[in-house]
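# Chains, contacts and geometry: an overview
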Amino acid sequence: MVPIQHYLILGAALFTIGVVGVLTRRNIMVILMSIELMMNAVNINLIAFSWRLGHVAGQVFAIFVITVAAAEAAVGLGIVIAMFRNKETMNINEIDLMKW
Amino acid sequence: MNFLDLIWLIPLFPAAGFVINGLFGKRMPKAAVGTLAAGAVLIAFVFAAGAVYQLSQLPEHERTHVVKVYEWINAGPAVTTSGEETRFVVDWGFQLDPLSSVMVLVVTGIGFLIHVYSNGYMWEEDGFYRFFAYLNLFMFSMLTLILGSNYLMMFIGWEGVGLCSYLLIGYYFHKKSAGDAAKKAFVVNRVGDWGLATGILLIFATFGSLDFNTVGEAIKEGVAAGQYTVSQPIFIGIALALFVGACGKSAQIPLYVWLPDAMEGPTPVSALIHAATMVTAGVYMVARSNWIYQMAPEALAVVAIVGALTALFAASIGLVQNDIKRVLAYSTVSQLGYMFLALGVGAFAAGVFHLMTHAFFKALLFLGSGSVIHAMHHEQDMRRMGALKNKIPITFLTMAIGTLAIAGTPGLAGFFSKDEILWQAFSSEHGHPVLWLIGAIVAGMTSFYMFRLLFMTFYGESRVDHHTAQHIHESPKVMTVPLMVLAVGSVVAGYLGLPKWLGPNFFEHWLEPVFESVTPAVAAGEEAAHHSASLEIGMAAVSVAIAVIGFLVAYTTYYKKSDRAERVATQFRGLYQALLNKWYVDELYDGLFVNRAKDLGRGLWRFDGKIVDGLVNNTAVSTVKGALGSGWWDRYIVDGLVKFVGGFVKTASWPIRLSETGYTQNYALVMVFGVLLVVGYVLWGTL
């Protein structure tokens, strides 16, 4: 029987990889993929606790997260395409509209 | 047709003529303009004649017919001086009584003849339609004046005729002298109108009404109740104020100066306005207010003295004038003086009688002089006339009749009316032998200057220059026929008012209801004034004798080839110059009033230029300077403060600004650290 720590370590590792990806990559598409990674790390945690605690709520919650992630991916990709049409770039360093 | 109820229409016919001619006359043929204008007056005359005939069919004491068209003014409560509460109510009303019936027949009848005459006289003039429009407007105003049933209506007509007089004197407005004369007439009349307006205000303040009949009844009742007595100051005040108005309009001393200058207008205007009708408005007004004057014998005395002096003064100037129209103008002033003399001695009927006869022969003389001027191509100086008798025979004959009439030849109109006045001046209880003497002397002077005019114009050697002499021609029928009608009038009009020793005085009897005395005492006095017939005949003989002397002096001086005129002029050089220069009254008035008014104007102009304008300009300059100052303040101090604050904040905030890079990943990094901090705090409790 695999102890729950393994699952949690896997989730934390995935989440850390996602965070580092978001913070360090320059391509918007890769950043979006990193965000997906972070969400799935959370999903692993939810499933693990659901299994460990014998409670179905965690699994339901995971389904919801997957749904939100799909919606988020749709909106995010739409924004990216609109941005690309205006700026003709995918490099996040060239997008600094939020500066003062 | 009931003409009596249609008297309000009478002024409207000329008014319609004025509107049509004034608006469309420029595009209408001349014949249409002239016919329309004269026709409008003719219709007015027919209506007037019909109304007067119907009035004469009424019983004597019902011969006051008032037609109220509508209530014109009904304004606020007022309190009279005697404490009665009343309202200021004025009707747009018309009144026909024996006095206004005389006036309306004279005005429309003679007015019509003059309109016809003008068709010939003005034919060649520019602005033919303008002339007739003004003339019709004048007829409207004059008819309003004499038919109005209250003082305010009369005042409207009074001002209207004043306006028309101004417009028509200034008809040749391109001539400076005509424009000046028009202005003079207008300004001098303003002085008189001030008096009339004051009188009207006093009447309302005293009686609480402006209606002729109401005021008359109020006086009668007041006398009966002992409320009013003869010589009360208020009556003298009203009478004198009204007389100031009469002096202005009827050219009495001291306000007569405008009338001789008014001869700058076309001759028909002089005949209609400045001889026959408008200038008699003052006489009419005093006669209309006779019950007020009856209550103020002192004011009557003033009227009589002013009238007598004016008659003498104007006749003296008329003796030496060389302009044919100016002689007639001074003659008019003098004859108006006669009328006021008659009014002043309480012989109101005699004054109105002379008004009527004078209207005939003076209109005739003016129109005749117009015919002469027409024939002479606008030459008015009698020294350049002479021997015109056979060249313009109709004009000569009619003017001779007019001259005989005004000179007081027995049997003609002037004789009856003038003798009535002289007799009343002598015998009436307000009369005085000195007044009679002045009147008699004036009769001689009148005879002299009129025959002088006749002889200088029509007899003797021709002094006409060669060029003009070839073109002298008799005037067309349209001008001579009115002359003939007026000549007939000048002969027969006098028989309406025969002296008592000769027959019934129809005219005086007709006017009796208007001039009945308001006090029993005055009535008794009038009865006592009837002297013997022989004395009256004697006085008439004296005045005829004086007139004959005047004629003989003129005959020997101007008909016989005599150098007496020159000799007398050199011998009494000072007097002659004074007369020729109209006693220097114009110069006196210039010095006393005109130039003082101009000085005042100039002074005010300087005050305006220096003080008022200076004030305004200084205000403007200081405003500009102040604006520059506050502009500087705004730009550098107020704006400076705002910009300083903004700049300070901007400059001081540079380190914080550095954190705002705009890169999403930076913000995300800060967020991650924040989350780590929170998680760390939750896990370990402290930092």
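Here, every reference points to the structure presented above.
Residues numbered from 1 in each chain as written. Chains lettered and ligands numbered in written order. Predicted model: local features only at pLDDT ≥ 70, side-chain atom pairs only at ≥ 80, totals over all residues.

## Regarding the overall build of chain B
Filter applied, for reference: Numbering of helices and strands starts at the N terminus; helices are DSSP runs of H or I of at least 4 residues and strands are runs of E of at least 2. For the radius of gyration, the atoms used are the C-alpha atoms, and the globule rule reads 2.2 Å times the number of residues raised to 0.38. With C-beta atoms placed from the backbone, a residue counts as buried when 20 or more other C-beta atoms lie within 10 Å of its own, as exposed when 12 or fewer do, and as partly exposed for counts between those limits. By the criterion used throughout, residues are in contact when their C-beta atoms, derived from the backbone, lie within 7 Å.
Counting its regular elements, chain B contains 28 helices and two strands. Over its C-alpha atoms chain B spans a radius of gyration of 38 Å, topping by over 25% the 26 Å that the globule rule assigns to 687 residues. By the burial criterion, 49% of the 687 residues in chain B qualify as buried. Restricting to contacts in chain B with at least 6 residues of sequence separation, those with at least 24 account for 81%.

## Some details on unusual backbone geometry
Cis rather than trans, the peptide bond between B:Ile253 and B:Pro254 has omega equal to 5°. Summarising the element assignment, B:Pro254 is placed in the loop between α8 (233–249) and α9 (258–261). One non-glycine residue, A:Glu88, lies in positive phi territory at about 55°. Structurally, the position occupied by A:Glu88 is in the segment after α3 (57–87).

## Some details on helix α16 (residues 393–407) of chain B
All names here are of chain B. Keep this limit in mind: How far a helix is expected to stretch is found by multiplying one less than its residue total by 1.5 Å.
For α16, spanning 15 residues, the distance from its first C-alpha to its last is 21 Å, which sits close to the expected 21 Å at 1.5 Å a residue. With respect to burial, α16 is a largely interior element, 11 of its 15 residues being buried. By the burial criterion, the buried members of α16 are Thr395, Phe396, Thr398, Met399, Ile401, Gly402, Thr403, Leu404, Ala405, Ile406 and Ala407. The inward-facing, buried residues of α16 contact α15 (348–375), α17 (413–427), α18 (433–458), α20 (477–492) and α23 (533–559). Trailing α16 by a residue or two, Gly408 shows a phi angle of about 90°, which is positive.

## Points about the nonpolar core
Rule in force here: Each nonpolar core reported here comprises buried Ala, Val, Leu, Ile, Met, Phe, Trp, Tyr and Cys residues connected via C-beta atoms within 7 Å.
Judged by nonpolar contacts, the single largest core of 217 residues is most densely connected at B:Ala44, B:Leu143, B:Val286, B:Leu341, B:Val352 and B:Ala363. Top contributing element to this core by residue count: α15(B), with 17 residues.

## Side note on the interface of chain A and chain B
Threshold: Each residue is assigned to one of three groups, with Ala, Val, Leu, Ile, Met, Phe, Trp, Tyr, Cys and Pro labelled nonpolar, Asp, Glu, Lys and Arg labelled charged, and all others, Gly among them, labelled polar.
Listed per partner, the contact involves 10 residues of chain A and 10 residues of chain B. A breakdown of the residues in the side of chain A that touches chain B according to their chemical character gives seven nonpolar, one polar and two charged.

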